[in-house]
Structures are given as structure tokens and as C-alpha cells.
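Architecture and fold: a report
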Amino acid sequence: MFLNKAMIFAKKQPILSILTLIFAWLAVAYLAKGFYTLAFDSSPSGARDLLERWQEQQYIYLGIYPYRMNPADINAELGRIRSGGYPPWAFLTGFFMFPPISSTLTRFYHVFLNLISLGILSRFAYQLGLPFGRMAAYFFVFTSLAISSNCTTLNNGQYGLIVNALLIIVYWLLQANKNYLAGVFMGIALVKPNISAPYLLSLVIKRKFKTVILAFVYIISATFAIAHTTRLNFEKVIGSFLNQIKYVADDGVSSINIIMKFGISTEITLVLLTTIGLVLGIVIFQKLQHTSLLTLFACAAVIGRVFTYHRPYDDLMLVFLLLALLTLAFSYPSRLNIIIVSLVGLTLWLPLSIQNLASPYWSIFQNTIWLIALVYLLVNSWERENNADD
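Analysis parameters
Residues numbered from 1 in each chain as written. Predicted model: local features only at pLDDT ≥ 70, side-chain atom pairs only at ≥ 80, totals over all residues. Heavy atoms only, no water. Helix = DSSP H or I, 4+ residues; strand = E, 2+ residues; numbered from the N terminus. Buried < 20%, exposed > 50% of the residue type's maximum accessible area, 1.4 Å probe, protein only. Contact = heavy atoms within 4.5 Å. Axes fitted to C-alpha atoms, helices over the stretch in contact; angles between N-to-C directions. Parallel < 35°, antiparallel > 145°, perpendicular 65-115°, else oblique. Left-handed = near helix turned anticlockwise from the far one by under 90°. Nonpolar A, V, L, I, M, F, W, Y, C, P; charged D, E, K, R; others polar. pLDDT = per-residue confidence, 0-100. Salt bridge = Lys/Arg side-chain N within 4 Å of Asp/Glu carboxyl O. Core = buried A, V, L, I, M, F, W, Y, C linked by side-chain atoms within 4.5 Å. Phe/Tyr/Trp six-rings, centres within 6.5 Å; stacked < 30°, edge-to-face > 60°.

Re the side chain of Lys208
Among the structural elements, Lys208 can be located in the loop between α11 (199–205) and α12 (209–229). By relative accessible area, Lys208 is classed as buried at 19%. Excluding residues that lie within four positions of it along the chain, Lys208 makes contacts with Leu174, Asn177, Asn179 and Leu203.

Here it is in C-alpha cells:
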């Protein structure tokens, strides 16, 4: 079996080398544009989200909760907060993400954080591809770096790459059976729960209860700490967060917005899709107790992307699906495996400008492909588990 795989990869080595170079060029183009915008673009759209988070964190330093402020609390230099939607515990993580430095220095600080995050992603992808050869490892790396939303998230100064890196660290710590430390990093990753929260289901199915408990201890403790810092009680802080959910849900690109086009209210849509996503996640994950952690992470990525609020810059969370499908395609080379991973790649590699040309149908196409790919990945996983049992 291994000899057959080696012969297949040897025959396809020139093609793999050419594709790797193409994806390397695409990755460099995307990341160069993204980092330039993050560091230097002074237009209103340049690193806009990063500067909004910086503004919110400055109010935390002043002891004022930034959402739903009283007019008397508005600082003349910082101005009114017109953003919202981040959970209260995110502001404790914000002391690390936004140290007390100027907004200009913060942009360069996040260049540094994102470079580290991309290094972590590259190492993770390289490790997954290395069993298939060094060129395959490079192919895994550059196909991951060439996801167009890597550029978009840098343009906006979003957290996506950092959260992905934190989840990879959780993955490594779980593999090393360092469950308590994994829980701390999982709690930190919940700075952006619409990306990271579905991964808690993966931990529950793998019976990593210590990790889950530590993650909840972190976010509860962080929320109390922020409530104390801003002199608000716990209930008011949570209430403010819940009121902000509608703020972000109305402006996303996911199944939430597709359903809302039929006239269903934001609140009903959120409850409906959260319930569907939770039930679907539990049903799927219960059947995958013995599958790989990578497959579980791929499931969490799809469920999170399709059934919770997101905008295009969050497409990078599907890197776990891409890597799981690449691993499947290299482990069991077949035409169908290549087609499936290529379709998923197409939804991730095309630049946002081209995706926007097909809006709103592109979002429907993406969600359909991701769900089909998830089902395909799960069926293959179940078949391999059954064959192993036989």
C-alpha cells in the first residue's frame, strides 16, 4: 500500500512542484497586500476593524465598558463607539492584543502577531503533509497560505489568523495530552467565539472535559474581571453582550443572511440556526468518537462557518477542512477525492473581488460545497472506521 502511494506521488512530482509554485506566488501576493494594508493604509477602510477594537480597549483602560455607554462617559479624544458585538471576556484577552500603545504602533504589533500566527499555520500544514514527502508538505503549506481571506482579514485587521493559530496550539496540546494548558488556550481562542466555539464540541466528543472546564473557567473569570474593571455588575455586562448580537448578525455573509432574505427576523433566525448547528454537531460528533482530531476540527469549522454569523474574512476558518481533505486525497489518491478538495479550494482561493461578482449566489455555492465536502469527509471517515473494525 505504502509502495503504491510512493509510486503515484513520484509520477506526479513535476505537477505537484508546478502547483506548489503557483500557490506560493498566490500566497505571497495575498499576504503582501494584506500586510501592507494592515501596516500602512491610512484610508478609512485600512485595518478598520483593528482600529475599532483598539478604540474599545482604550475605554477598558479608562474603566468604562465600551458598549451602550452613557453620553457622559464618551471620551473626547476617543469618540463614540460605533462598533460592537465582541464578548466581555474578549477585553481581558485585549490587554495582550492591545497593550497601552498608540493605534499606529498597534498596527505594527499586529503585523508581528499575524506573522507568528502564519508561522504556526505553516508548521501545522507542513507536519500534515510531510508523511507524503517534502514537496507535498510545501504544497500543504502554500495552499493554506493562499486562502484569499488571509488577505481580507489582514486588510480589516481582524483576529481570524490569530484565532486559527490558537486553535492549532490547542490541537498540539491535546495531542500531547496537556489538557489543562489546552483549556487555557481554548479560552483565549474564544475571543472570537463565532469561529472557535464550535470546537468545544470536538473536545467534548474526545472526552477532553478538563480542557472544556478550563476554557469556561477562563471566560467566566475574564468576564468577572472586566465587570470589576468597568464597575458594572456581571448581569449588565452579559446583557450588553446579548444586545450586541443583533448588531453583528444583520451584516454577515452566512446561512443566517440567506434565511433572513425570506423575511424571518434576526432573533428567530439566530435561534433556529444555532439549534440546528448544535443538534447537527452533536449528532455528527457522536458518530466520530474514534476519528481523528483533524476531522473533528474540520467538522467544527464547517458547522461554525455555515450556521453562525460570519463575513467573508472568516472563510479562513475552513483551512481545517482544506487540510483534512488534502490529507484524505494524498492518503487515498482518487479522482473524486481530488475533485472534492479542488472545489473546496476554489471557494477559498479565489480573490474576494471575483467572489463579489457572483454575489449573492456565491455565498450559496460556498455553503453548498462546504456541506457536501463535510458529508464526503465524514462518510470516508466512517467507512475507514468500519473497515478497521472488520
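Some points on unusual backbone geometry
If you check the backbone angles, Asn177 has positive phi at about 60 degrees while not being a glycine. With respect to the helices and strands, Asn177 occurs in the loop between α8 (160–175) and α9 (179–189). In this structure Asn177 comes out as exposed when scored by relative accessible area, which is 52%. Positive phi outside glycine occurs at Arg207, with the angle close to 60 degrees.

Quick notes on the packing of helix α16 (residues 293–307) against helix α17 (residues 319–331)
Running from N to C, α16 and α17 cross one another at 140 degrees; their axes reach a closest spacing of 8 Å. Here α16 lies oblique to α17, going by the angle between them. Considering the relative orientation of α16 and α17, their crossing is left-handed. Together, Leu294, Phe297, Ala298, Ala301 and Val302 of α16 and Phe320, Leu321, Leu323, Ala324 and Thr327 of α17 make up the contact between the two elements. For the contact of α16 with α17, a count of residues per class yields nine nonpolar, one polar and no charged.

Things to note about the confidence of the model for the chain
Across the chain, the average pLDDT comes to 84, with 80% of residues at or above 70. Note on residues 252–256: pLDDT is under 50 here. Beyond four places in sequence and across chains, it has 25 contacts.

Quick look at the pattern of salt bridges
Under the criterion given, the structure shown has five salt bridges. We note a salt bridge from Arg48 to Asp49, for which the minimum N-O separation is 3.9 Å. One salt bridge in this structure joins Arg305 and Asp315, with 2.8 Å as the shortest N-O distance. Separated by ten residues along the polypeptide, Arg305 in helix α16 and Asp315 in the loop between α16 and α17 bring together distant segments of the chain. Of the two residues, Arg305 and Asp315, both sit in the buried class. Shared partners join several salt bridges into a network, and the residues in it are Glu52, Arg53 and Glu56.

Comments concerning the nonpolar core
Grouped together as the largest cluster of nonpolar side chains are 110 residues, with contacts concentrated most on Phe140, Leu167, Met186, Phe320 and Leu321. Not counting residues up to four positions away in its chain, the partners in contact with Phe320 are Phe124, Asn164, Leu167, Ile168, Tyr199, Leu294, Phe297, Ala298 and Ala301.

A word on the environment of Tyr109
Inspection of the secondary structure assignment puts Tyr109 in helix α5 (residues 103–129). With ten residues separating them in the primary sequence, Tyr109 and Pro99 have C-alpha atoms 9.2 Å apart. The residues contacting Tyr109, other than those within four sequence positions of it, are Phe96, Met97, Pro99 and Ile101.

Considering the packing of aromatic side chains
Tallying each qualifying case throughout the model produces 24 aromatic pairs. For the pair Tyr61 and Phe95, a centre-to-centre distance of 5.3 Å together with 70 degrees between the ring planes defines the contact as edge-to-face. Of the two residues, Tyr61 sits in helix α3 (residues 48–61) while Phe95 sits in helix α4 (residues 90–97), which places them 34 residues apart along the sequence. The exposure class assigned to Tyr61 is partly exposed, which follows from its relative accessible area of 31%. Every member of this aromatic cluster is reached through a ring pair, and the members are Phe23, Phe132, Phe139, Phe140, Phe330 and Trp349.

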